[in-house]
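Each chain, written out:
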Amino acid sequence: MVAQAIAREHSISRHETWFWEPFNPDLSGVTSFEPHDDHIIANNVYFHTNRFYSLIEVTNTTTTDDTTFNIQLSKNFAHNSALTPLPLTNTPNFLNNIKSGWIFGTTLLIPFPEVDSPHHMGYWMEILAPIYSYLRGKNSSPIRTVLIPNLSRGTTMSSSWVMDIIRIATTDPSNCNGKEGNEDQKDGEGAKTSAERPPVRILFWDDLENTPLDSWLGFESILHVYSRYTGEINRKSRSGGGDLTSREKGGFASAEIAENFRFAVHKATGLPPPVPGAPTPLTITYLMPTDSSGITNNKQVLDALQQAANTSGGGGISNRRIVVRPYSPTPSVPLASLVAVMSGTGLLIGRHAPLLANAVFLPPGAAVVEILPYNWNSGGRSEIYRKLTASRTSNNTKESIIHVAWRAPSGDWMRYESDEDSRYSSWTPVECSSEHCLDAHARAGVEVNVEEFRKIVDDVLRVVYSGSSSSVVSSLKKKLRERYPWPRKVELSGTSGLWWDRGG
């Protein structure tokens, strides 16, 4: 009893780690899960020696089904962030005999899908759009802590826009950062208002790594909002199962939430708020990434864009000049710069690359022409940015964002980085599902067929700047999407996809 009392007193004491709070074992217990269609919550989760643990009480009356269910939910909790099940016969005794800190409230878990690409805007928007949407729901709780367990603080913070976009996406919706506050999320009687709540703190792997080896760190509640990267594994452990929701497929839950996010970003970056009903900006922005092979015939593409701007007259704006502007932001560009450029863009052009995720900041009625490399259909890879823009507005309305593509029709239009990479030039989209083939095409430059590309741009400009009524513009957009259908998603069905493994 004396030893237990000493351990208990030690566990409640405050530790030196800056984000720890006193731990009271009487307020904790076994790990419990609350699975839902678009998210999962785990209560009483612990971190120790570089692992996350779920505490499972095992007694003589515990059934195999109960144990299996808890272990399954533990292992499938989130991509890159599985919980290790820790079976216990006496949970209170265990909690009274560990040295631990505690994190109160709801902790939002963001398991980043690719640790080698912490500044990939596409990944961030695919993850944060569902999170922002969930937090605008009726039953969500304010986030007190954000935990990114597989990225380091220094690497992530080297791009200021990453930290800014995380803070905006996880801000308490009652703080009215967008066009309006969420009427369903008013503070209850006696609760702290959003202004009284402490700011959201963001923790990284190196923060957890500093946990003393003889200590544990408990989390009152961890929330994981599903995204495209949740995958098939987590779908099996959800309450209803079934198909992926719209949030898991990528994008915002509704056009209203997407527009609220755009207003929130403008406000947070100090930019003037978007003006509803404003005319589409007379600017074609051509994205030219500084960190990839990109497009090999940039000059010809820019010349084609300038000719399209000069000769089309933008359809219904023959007396006004359309400006063509190349844009090559660095990874450390401020978020305000990205948003300002996008909000002043009527037509966005770029190769399938992280910068295209900024299309979510385009004004209503704008358009995107995406340049897709050859063999970029596997698993719906080509649809990432189209789905983000599609979630911005309702389809085929005057305010909707047109998103079409020119796709390299064969390996002849790819400029491979090496002879080893070029061996994939003759592979079919079905065959090109391996990491090596996809990486080879990601590294390769794309030579755009300027004649085909120009035709697409001309058609898009005529719609974007038509100056017609809403019904006419809606009809034109529908016809445009039918004329340029998106490349079909390639799915494998039980084989490698290679010719010798397809049978028949």
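See the structure above.
To keep things clear, this report deals only with the structure shown in the data block. These figures come from a predicted structure and were not determined experimentally. (Residues numbered from 1 in each chain as written. Predicted model: local features only at pLDDT ≥ 70, side-chain atom pairs only at ≥ 80, totals over all residues. Heavy atoms only, no water.)

1. Some thoughts on the nonpolar core
Move 1: Counting residues in hydrophobic clusters, the biggest one holds 59 residues, and the most contacted among them are Trp124, Ile165 and Phe261.
Move 2: Put simply, the parts of the chain that give this core at least two residues each are helix H4 (121-135), strand E6 (143-148), helix H6 (160-170), strand E7 (201-204), strand E8 (216-225), helix H10 (255-268), helix H12 (335-343) and helix H13 (384-390).
Move 3: Counting residues per element, this core draws most heavily on H4, which supplies 11 residues.
Move 4: Ignoring any residue separated from it by four or fewer positions in sequence, one finds isoleucine 165 in contact with Met125, Leu128, Phe261, Val265, Leu335 and Phe361.
Move 5: Counting residues in each nonpolar core, the second largest holds 35 residues, with Tyr286, Leu305, Ile322 and Ile456 among its members. (Core = buried A, V, L, I, M, F, W, Y, C linked by side-chain atoms within 4.5 Å. Buried < 20%, exposed > 50% of the residue type's maximum accessible area, 1.4 Å probe, protein only. Helix = DSSP H or I, 4+ residues; strand = E, 2+ residues; numbered from the N terminus. Contact = heavy atoms within 4.5 Å.)

2. A word on the state of the cysteines
Move 1: Taken as a whole and judged by the stated rule, the model has one disulfide.
Move 2: One disulfide in the model links cysteine 432 with cysteine 437; its S-S distance is 2.0 Å. Disulfide cysteine 432-cysteine 437: the torsion about the S-S bond is -110 degrees, which places it as left-handed.
Move 3: By relative accessible area, cysteine 432 is classed as buried at 1%.
Move 4: Judged by relative accessible area, cysteine 437 falls into the buried class, the value being 0%. (Disulfide = S-S within 2.5 Å.)

3. Quick word on the side chain of serine 54
Move 1: Summarising the element assignment, serine 54 is placed in strand E3 (residues 51-57).
Move 2: Here serine 54 falls in the buried class, since its relative accessible area comes to 1%.
Move 3: Sequence-distant contacts of serine 54, defined by excluding residues within four places in its chain, comprise Thr31, Phe33, Ser74, Leu83, Thr84, Pro85 and Leu86.

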